[in-house]
Number of protein chains: 2
Amino acid sequence: MKRKITLKDIAKELDVSISTVSKSLKNNPEIGEDTRQKVQAFAKLYNYKPNNIAVSLLNQRTKHIALIIPEITHDFFTTVLKGVEEVAHQRGYNVLVCVSNESFEKEVLSMEMFAQGGIVDGFIISLSKETQLKDDYKHLVEVENQGMPLVMIDRVTDKVISDKVIVDDMRGAYTAVSHLVEKGCRRIALITTQDHISVGYLRKEGYKKALADHDLAVADALIVTVDHVDEAEDKIRQLVTNETFDAVLGVNEIFAVIAMKLLQEAGKRIPDEVAIIGFSDGKLLKYATPSITAVDQHGVEIGKAAAGMLIERLESDVTEENFRTTVITTSLVERDSTNLN
Amino acid sequence: MKRKITLKDIAKELDVSISTVSKSLKNNPEIGEDTRQKVQAFAKLYNYKPNNIAVSLLNQRTKHIALIIPEITHDFFTTVLKGVEEVAHQRGYNVLVCVSNESFEKEVLSMEMFAQGGIVDGFIISLSKETQLKDDYKHLVEVENQGMPLVMIDRVTDKVISDKVIVDDMRGAYTAVSHLVEKGCRRIALITTQDHISVGYLRKEGYKKALADHDLAVADALIVTVDHVDEAEDKIRQLVTNETFDAVLGVNEIFAVIAMKLLQEAGKRIPDEVAIIGFSDGKLLKYATPSITAVDQHGVEIGKAAAGMLIERLESDVTEENFRTTVITTSLVERDSTNLN
DNA sequence: TTGTACGCGTTATCAC
DNA sequence: GTGATAACGCGTACAA
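Residues numbered from 1 in each chain as written. Chains lettered and ligands numbered in written order. Predicted model: local features only at pLDDT ≥ 70, side-chain atom pairs only at ≥ 80, totals over all residues. Heavy atoms only, no water.

*Asks:* How do you make sense of the interface of chain B and chain A when you look at a structure like this?
*Replies:* Taken residue by residue, the interface counts 59 residues in chain B and 59 residues in chain A. Interface area, chain B with chain A, both sides summed: about 5200 Å², of which 59% is carbon and sulfur. Our count for the contact surface shared by chain B and chain A stands at four salt bridges. The partner of Glu85 of chain B in a salt bridge is Lys106 of chain A, with the nearest N and O atoms 3.2 Å apart. Across the contact surface, chain B and chain A share 18 residue pairs in polar contact (both at pLDDT 80 or more). Breaking the side of chain B that touches chain A down by element, the ones donating at least two residues are helix H4 (52-59), helix H5 (75-90), strand E2 (94-99), helix H6 (104-116), helix H8 (138-145), helix H12 (253-265) and helix H13 (283-286) of chain B. By residue number, the principal contributor to the side of chain B that touches chain A is H5 of chain B, which donates seven residues. Here the residues of the side of chain B that touches chain A sort into 23 nonpolar, 24 polar and 12 charged. (Contact = heavy atoms within 4.5 Å. Buried area = accessible area lost by both parts, 1.4 Å probe. Salt bridge = Lys/Arg side-chain N within 4 Å of Asp/Glu carboxyl O. Polar contact = N/O pair within 3.5 Å; in protein donor to acceptor, adjacent residues only side chain to side chain. Helix = DSSP H or I, 4+ residues; strand = E, 2+ residues; numbered from the N terminus. Nonpolar A, V, L, I, M, F, W, Y, C, P; charged D, E, K, R; others polar.)

Right, here's the structure in full:
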């Protein structure tokens, strides 16, 4: 049950002053060779490490960053976390994770707590659904006003000026639909979320644009909007029952997988009768039978980029206000669900 | 770009002493009604919140806990994180996440850093594969010697005495196999990991015991040991090609899903010709076609229990050394992959 | 070459 | 009823 050893302990033990110990450990040339050696040996022996809290208090920076995500049981956010964690640790930062559970209130409270308590030096955040619905971003602005850097990822808003890392959602959807068209599909359904979710809106636009560019009509009946996961199955079943189509694009893994399941139950052969593509390259699509073609959002890269931008800003004393938006390019991972002719 | 406001700022502004301000904010009755009001009003106006770092320095506790997990892209660990985060935030603690990536070195370095820097008050850890292989737990003992509480979850070891939260792996496997037998299966295959992974060993034992109790022989040819995910497909394909069996138990989601995929490709009907059960109740099993029966490990519950135990110990000054092991009971989630007769 | 003193923000004790 | 002071652990400017 030995307590942590401090500079004071070493000083007393070696009968020198605290500052001598401090300087010795930092290889300050002011200190004589022999005392330095002695101190360093002793420190190593007792495994001395500076108390982070004291250093934080002194520097006014904790070397902690907060990652606020709406959900954790999504492969996408999981990989983002992985990327953030990797870069952060590389550069000597720790990651505090907060799951907002898509709740505006939890998001606000956590940010206030982290910011006002001086618990973290900066934020990486992906907005909750509720926040996007309310269209209220005071808490983000507040944090920025306190001089804390903020990087928004994936679910972002134009109403807050900050660094951002996003995916080219529109282009991802465009590419996916174009791929389906090239494979011969003509009636392509879309399963998406409400428009206030930024990425949902953008993906729908990409879908429409691709259809238009290929001289295909946009049929509203083929666009299903799912408000909540729980109703996904019902809504998609209606689509499968009432409409005919030869391809589906789901804006996330779950929608794509549910669509495939219902189609298979309805006796459709995948991909011959209906081809399928889903957003997010997670395990659900990879291990489905048949495996499902994916629009890979490169979550790890997003996380890495966001952490890099945040730390960059934290460590550059210059208060340049030139905020940047990094766009990660999606890529299409072709699998069996679009393996036609 | 307003800096954070401190007690000193308020004191100067209101022309009182720092301690008066501090006491007023804590509703100390020593302070006169009017000054208290004045101070509180001012503090609220400027949105004062005590600086956490200073408080930490004083109390020698950060109100942060570390969660160290081997992997994050596993639904199981993801749900554990969710449970930990929930309870921790409820009780005023923050969670630092560290992904060891199954690496002994990363696990050791992170723990040393968190512990020696005084960054966290305690640990929740699930051992990396490499650590279990090396059978080296010095870093855990070291942390305990420093007086920091430690709760091990899921992948634990008897060689370290600490609080633990585990799942009744043996019983879970036993129940799963029994279920298969009751459904009429007689030749039941097992896809598992190496024995040094504690949970792998226990699940194999449960499998064997269940077979024995039902007077069925254990056929070594039906037990596949997968060392690394990358070789899972090859190993399982050999099983499917060379052996005949009417059921499979996979010790995780991926093994179960891969098995089903290969069986389907081999023309087997699920569940009529081969029934399937997998460990971990994640999305892979739930959304598979057909949906796969699961041994639910209740990751969220494990996380909640672990966080509860850790915080309990952190907040009880009593240094009672009566370590406890909480066992979370698995439950069988019946789905289509075992829906026979 | 080494030591002293101060400050980071807070709280608790004690003096007035 | 209010204020001064010490302490938490560290780093650093300055004094010796």
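*Asks:* Please clarify how the protein's contact with DNA strand C should be interpreted in this entry.
*Replies:* Close contacts around DNA strand C come from 26 residues, with Ser19, Thr20, Lys23 and Thr35 of chain A together with Tyr48 of chain B the closest. A breakdown of the atoms of DNA strand C within 4 Å of the protein gives sugar and phosphate a share of 64%. Tyr48 of chain B places a side-chain nitrogen or oxygen 2.6 Å from a phosphate oxygen of DNA strand C. Asn51 of chain B places a polar main-chain atom, nitrogen or oxygen, 3.0 Å from a phosphate oxygen of DNA strand C. Looking at the surface near DNA strand C, the elements that each hand over two or more residues are helix H2 (18-25) and helix H4 (52-59) of chain A together with helix H1 (7-14), helix H2 (18-25) and H4 of chain B. Along the lines of polarity and charge, the residues of the surface near DNA strand C split into 10 nonpolar, 10 polar and six charged. (Near = heavy atom within 4 Å.)

*Asks:* In this structure, what is going on with the pattern of salt bridges? I would like to understand it.
*Replies:* Any two side chains of opposite charge can pair, given that their charged atoms come close. Residue and element names in this part refer to chain A. A complete count under the given rule lists 41 salt bridges over all chains for this structure. Salt-bridge contacts for Lys304 lead to Glu86; the nearest nitrogen and oxygen are separated by 3.7 Å. You can see Lys304 sitting in helix H14 (residues 299-315) and its partner Glu86 sitting in helix H5 (residues 75-90), a full 218 residues away along the chain. Relative accessible area serves as the criterion here: at 29%, Lys304 is assigned to the partly exposed category. With a relative accessible area of 32%, Glu86 lands in the partly exposed category. (Buried < 20%, exposed > 50% of the residue type's maximum accessible area, 1.4 Å probe, protein only.)

*Asks:* When you look at the UniProt feature "domain: HTH lacI-type" (unreviewed entry) in chain A in this model, what are you seeing that I'm missing?
*Replies:* According to UniProt, the "domain: HTH lacI-type" (unreviewed entry) feature falls on residues 5-59 of chain A. What you have in residues 5-59 of chain A is 67% helix and 0% strand, and the ends, taken at the C-alpha atoms, are 21 Å apart. (UniProt positions renumbered as here; feature names shortened; annotations may be inferred.)

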